[in-house]
Amino acid sequence: MTEEAPRRGRDETAEERADRKWGELIQEVRVAQTGVQILFGFLLTVVFQPKYAQLSSTDQLIYIVTVVLGACATGALIGPVSLHRLVSGRRVKPQAVRLAGALTFVGLVLLLATMACSLLLILRVATHNGYVPWLVGSVVGWYLICWYGLPMWARRQHTDPEDD
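For clarity, every value in this text was computed on a predicted model and none was experimentally measured. (Residues numbered from 1 in each chain as written. Predicted model: local features only at pLDDT ≥ 70, side-chain atom pairs only at ≥ 80, totals over all residues. Heavy atoms only, no water.)

Student: Help me out: how do you make sense of the overall build of the chain in this one?
Tutor: Across its full length, the chain holds four helices and zero strands. In sequence order, the secondary structure elements of the chain are arranged as α-α-α-α. In terms of overall size, the chain is more extended than a compact globule, its C-alpha atoms giving a radius of gyration of 21 Å where 164 residues would be expected to give roughly 15 Å. Each of the three principal axes of the chain carries a C-alpha extent, and together these read 80 × 35 × 15 Å. Out of the 164 residues in the chain, the part that is buried amounts to 29%. A separation threshold of at least 6 residues defines the contact pool for the chain, and within that pool the share at least 24 residues apart is 75%. When the accessible surface of the chain is split by element, carbon and sulfur atoms take 63% of a total near 11,500 Å². Across the chain, the 16 positively charged side chains and the 14 negatively charged ones have centroids separated by 11 Å. (Helix = DSSP H or I, 4+ residues; strand = E, 2+ residues; numbered from the N terminus. Rg over C-alpha atoms; globule rule 2.2 N^0.38 Å. Buried < 20%, exposed > 50% of the residue type's maximum accessible area, 1.4 Å probe, protein only. Contact = heavy atoms within 4.5 Å. Areas by Shrake-Rupley, 256 points an atom, 1.4 Å probe, with all protein chains shown as cover. Lys, Arg positive; Asp, Glu negative; His and termini not counted. Charge placed at Lys NZ, Arg CZ, Asp CG, Glu CD.)

In structure tokens, the structure reads:
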């Protein structure tokens, strides 16, 4: 009698896998959407504050870039919801999951840029100190480790080549 190799993965059809991946993706998007929408909402109010007119032209430019990045991140992170609504029932869920995953990735990159610019602007206004770019760079480095470095390391370290 031979021993069978331990079973790996799930016993699911392509449609079931797409449904599961879609559900997981939407949960991930909900977390990112909440963060970007709160940040974007806050950013929209800054221009109406009296101190905005006192900002240097550089700080106003940083603000404008930050708002545009926030708007783009919001669009990318809400995109999967619209995509799902428009293709629902068309039997293209595996393709929709791939497109929504790409939109989510782009949205997270844009969210990272929005957060970095927000932090840069806030620290420039709060401190007027030369160490601000170094501090912002360190925070961006931390985000890159948490959001991309560690996940890519885990993917490379723990993925079975047969799973691709």
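Student: I'm lost on the pattern of salt bridges in this one. Help?
Tutor: Two side chains carrying opposite charge are able to pair once their charged atoms lie near each other. With the rule as written, the count across this model stands at five salt bridges. Here Glu 12 makes a salt bridge to Arg 17, at a shortest N to O gap of 3.6 Å. (Salt bridge = Lys/Arg side-chain N within 4 Å of Asp/Glu carboxyl O.)

Student: Got a minute to help me understand a nonpolar patch on the surface in this structure?
Tutor: Nonpolar side chains collect at one region of the surface, where Phe 105, Val 106 and Val 109 lie side by side and expose about 250 Å² of accessible area between them. Note on placement: Phe 105 falls in helix α3 (residues 93-127). (Patch = residues over 30% accessible without salt bridge, like charges linked within 9 Å, V, L, I, M, F, W, Y side chains within 5 Å.)

Student: Which parts of the structure should I look at to understand the packing of aromatic side chains?
Tutor: What characterises a pair of aromatic rings is the spacing of the ring centres plus the angle enclosed by the ring planes. Counted by the stated rule, this structure contains four aromatic pairs. Measuring from ring centre to ring centre gives 5.1 Å for Tyr 143 and Trp 147, while their planes differ by 15 degrees; the resulting arrangement is stacked. One end of the pair, Tyr 143, and the other, Trp 147, are both in helix α4 (residues 132-158), four residues apart, so they sit about a helical turn from each other. Look at Trp 147 and you get partly exposed, because its relative accessible area is 28%. Taking the centre distance of 6.5 Å and the plane angle of 65 degrees together, the rings of Trp 147 and Tyr 148 count as edge-to-face. Residue Tyr 148 is classed as buried on the basis of its relative accessible area, which comes to 17%. Here the aromatic cluster, defined as three or more aromatic residues joined through ring pairs, consists of Phe 105, Tyr 143, Trp 147 and Tyr 148. (Phe/Tyr/Trp six-rings, centres within 6.5 Å; stacked < 30°, edge-to-face > 60°.)

Student: What is the right way to read the state of the cysteines from this model?
Tutor: By definition, a disulfide links the sulfur atoms of two cysteines through a covalent bond. Counted according to the given criterion, the structure contains zero disulfides. Cys 117 supplies the cysteine sulfur nearest to Cys 72, a cysteine that is in no disulfide, at a spacing of 12 Å. The exposure class assigned to Cys 72 is partly exposed, which follows from its relative accessible area of 40%. For the unlinked cysteine Cys 146, the closest cysteine sulfur is that of Cys 117, found at 19 Å. (Disulfide = S-S within 2.5 Å.)

Student: Just to check I follow, could you spell out the environment of Arg 20 for this structure?
Tutor: Looking at the secondary structure, you find Arg 20 in helix α1 (residues 14-46). The class for Arg 20 is partly exposed, based on a relative accessible area of 23%. What Arg 20 contacts, discounting residues up to four positions off in sequence, is Arg 10 and Glu 12.

Student: Help me out: how do you make sense of the environment of Thr 159 in this one?
Tutor: Tracing the backbone shows Thr 159 in the segment after α4. Residue Thr 159 is classed as partly exposed on the basis of its relative accessible area of 35%. Sequence-wise, Thr 159 and Leu 112 are 47 residues apart; in three dimensions their C-alpha atoms are separated by 26 Å. A distance of 2.5 Å separates a polar atom in the side chain of Thr 159 from the backbone oxygen of Arg 155. (Polar contact = N/O pair within 3.5 Å; in protein donor to acceptor, adjacent residues only side chain to side chain.)

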